[in-house]
Amino acid sequence: MKKLISVLLIFIPEILFAANKEWKSGYVVTTQNDTIKGYIAYRKSMEDQKTCLFKKELHSSEITYTPNDLLAYRYDDGLYFQSRNVNAPHLKGKYFIECLLEGIINLYCAQIDYSKEMNDLKSFSPAITAFLAEIPESEYWVEMICPEDLYNNELESKRNDQKLTSLFFDKIEELKNDIPKASYKRDKMTTLFKKYHDLVCTDRECVLYKEKKKEKIRHLTIYTGAGFQWKSSGESIRATTVHLGAGYSIALSKFSDRILFNSYLGLTYLNDNDPREAYKLQTLGLFNQFSLEGRLMFPKVQPLLEAGFYQQVHFIPIKSPDYPLGYTKYTMGMALSAGLVIKTKKGQIPIKINGYFPFVSTPSNIILLEEDFLMLRHQCLLSIGYRFRIK
C-alpha cells in the first residue's frame, strides 16, 4: 500500500497539471495576413512560445502552428502573442512572445530558460518570467528578469534599473522617478514605456495590449457519501462510515475551473459493529480536507482526479456500556479521489470514489482499548454532491 501511495504522489500532479489545455476563443493571423477565428489552447508555459494549438470549432481537430506559420495569435480576452526573431541573452530564435506595448520601443513578456543558473541556486525554477524591450527595425533587445523569480532579487533589480536608465538615457530626467526599482510588474512597466513613447514620439499613439481582469471562479459544493473501512494490515472489518458536508472551491486555472483548490468540512458517522471485535462503537466526528482537483474539460462529462490531505476527529460517543469514559480519536492522512463531474444547466454533479490513507492516529482516551483496535484504518467512500458557482 505504501508503494502504491508513493507512486500516486509522483504521478497525480503530472496528471492534474500536464497534457490538459484550456481552450479560449480568439484568432490567428497567418503569414498571408489572413485572420482565422476559432479557439486557442492556453497552457502558460514555454510551450506556448514554441507552438500555437488552434481549433476552428471546439469539437474539431487540433491544428499546430509554429512561429514560422503565423504572424500573431490573440485571445479575445486581450492576450496577444507575436511571432518574433528574439535576440535576448536567454531567448534566441523565433518564438511567439506576448506583446504588452507597441511603440517607439516595443515591450514583451516571455518565459526564458534559466536552467543553467538554477543549478547554481540562482532561480526558483528552470523557466522564469522576463520583460523584453525591442527597438523596432534593429536587432537590439534588452532582457529584464523579474526579480521575484530569483533568490538574489535585490541584485537583479539593480541590474534592471541600470538597463532601463541606459535605454531611456535621452529622457532619464523625466523618467527617473518612474523606474520600477524593486517592483517589476506589468502595469508599472507598460506605464513607464508608454510615458517614454509619449515624450519622444508625438506623431502617433502607442498601442497597449492589456488583458481584461476576470474574477476568480468560485464554487460551493454540498455532498454526502458512504463507505467502509479496513485495517492497515489489509484485514477487512465490518465498520461503515457516512459523510455529510460542504466544500468551497477556487479555480487555479486562468480561464476555466479545470484545476480547483478544494476545502471541505463535514460531519462523519462511524458504526463499528464487527462481531469479531471485542468492542463495538458508534461515534460522530468532524472531517476536514484540503486538496487539488484536476479535470479533463469535455463538454458534458468530465473525468477528474483529486489529491490532498485530510484530518478527522471522532468525538461524541453514542451511549455504549463498553465505553463509560467516552471516546476521542484524531486521524490525519492523505486523500485520493477519482470520478466524474456531470455538467448541468445550473451546476455540476461530482461523483467520486474517495480513498483515505492515514499516517497519524492518536490513541483513544479509553484505557481498555486493545492494541488491535488502535491500528490505522483506511477508508473507501463513494460520494455524490451538487456544485454551484458563487458570483
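Every value quoted in this text rests on a predicted model; they were computed, and no experiment measured them.

J.: How should the overall build of the protein chain be read in this particular structure?
T.: The helix and strand tally for the protein chain stands at six helices and 19 strands. Looking at the 391 residues of the protein chain, the share that counts as buried comes to 45%. Relative to all contacts within the protein chain whose residues are 6 or more apart in sequence, the contacts with residues 24 or more apart total 59%. Accessible surface, the protein chain as shown: approximately 21000 Å² in total, 58% of it carbon and sulfur.

J.: Could you clarify how one ought to interpret the confidence of the model for the protein chain in this entry?
T.: Keep in mind that low pLDDT regions are not for reading the predicted coordinates in detail. Of all residues in the protein chain, 80% attain a pLDDT of 70 or more, and the chain-wide mean is 82. Per-element mean pLDDT across the protein chain ranges from 47 in helix α1 (residues 2-17) up to 95 in strand β4 (residues 63-65). Low pLDDT (under 50) marks residues 13-19, which in the prediction has twelve contacts with non-local residues, meaning those over four places away or in another chain. Considering only residues more than four positions removed or in separate chains, one finds that residues 365-374, a stretch of pLDDT under 50, has 26 contacts.

J.: Where do I start with helix α6 (residues 186-200) in this structure?
T.: Since the α-helix advances by 3.6 residues per turn, residues separated by three or four positions end up pointing in the same direction. Between the first and last C-alpha of α6 there are 21 Å, a value that for 15 residues agrees with the 21 Å anticipated at 1.5 Å per step. Of all the positions in α6, only Met189, Thr190, Leu192, Phe193, Tyr196 and His197 are classed as buried. When α6 is viewed along its axis, its buried side chains cluster within an angular range of 160° and face the same direction.

J.: What should I look at first to understand the nonpolar core in this one?
T.: Side chains of a nonpolar character, in soluble globular proteins, are inclined to be buried together. Counting 22 residues, the largest nonpolar core has Phe131, Met144, Leu164, Phe168 and Phe193 as the members making the most contacts within it. For this core, the secondary-structure elements that each account for two or more residues are β7 (91-102), β8 (106-113), β9 (127-134), β10 (141-145), α4 (153-167), α5 (172-175) and α6. For this core, the leading source of residues is α6, giving four residues. Those residues in contact with Met144 that sit more than four places away from it in its chain are Ala130, Phe131, Ala133, Asn160, Lys163, Leu164, Met189 and Phe193. Residues Leu91, Ile97, Tyr108 and Ile112 belong to the second largest nonpolar core, which totals 19 residues.

J.: Would you take a moment to explain unusual backbone geometry for this structure?
T.: Backbone phi values are negative for most residues with the exception of glycine, while trans is the configuration of most peptide bonds. Despite not being glycine, Asn33 shows a phi value in the positive range, around 70°. For Asn33, the location among the structural elements is in the loop between β1 (22-30) and β2 (35-42). A positive phi angle, near 60°, is found at Glu137, a position not held by glycine. Within the element layout of this structure, Glu137 appears in the loop between β9 and β10.

Quick notes on the rules
Residues numbered from 1 in each chain as written. Predicted model: local features only at pLDDT ≥ 70, side-chain atom pairs only at ≥ 80, totals over all residues. Heavy atoms only, no water. Helix = DSSP H or I, 4+ residues; strand = E, 2+ residues; numbered from the N terminus. Buried < 20%, exposed > 50% of the residue type's maximum accessible area, 1.4 Å probe, protein only. Contact = heavy atoms within 4.5 Å. Areas by Shrake-Rupley, 256 points an atom, 1.4 Å probe, with all protein chains shown as cover. pLDDT = per-residue confidence, 0-100. Expected span 1.5 Å × (residues − 1). Arc of directions from axis to C-beta. Core = buried A, V, L, I, M, F, W, Y, C linked by side-chain atoms within 4.5 Å.

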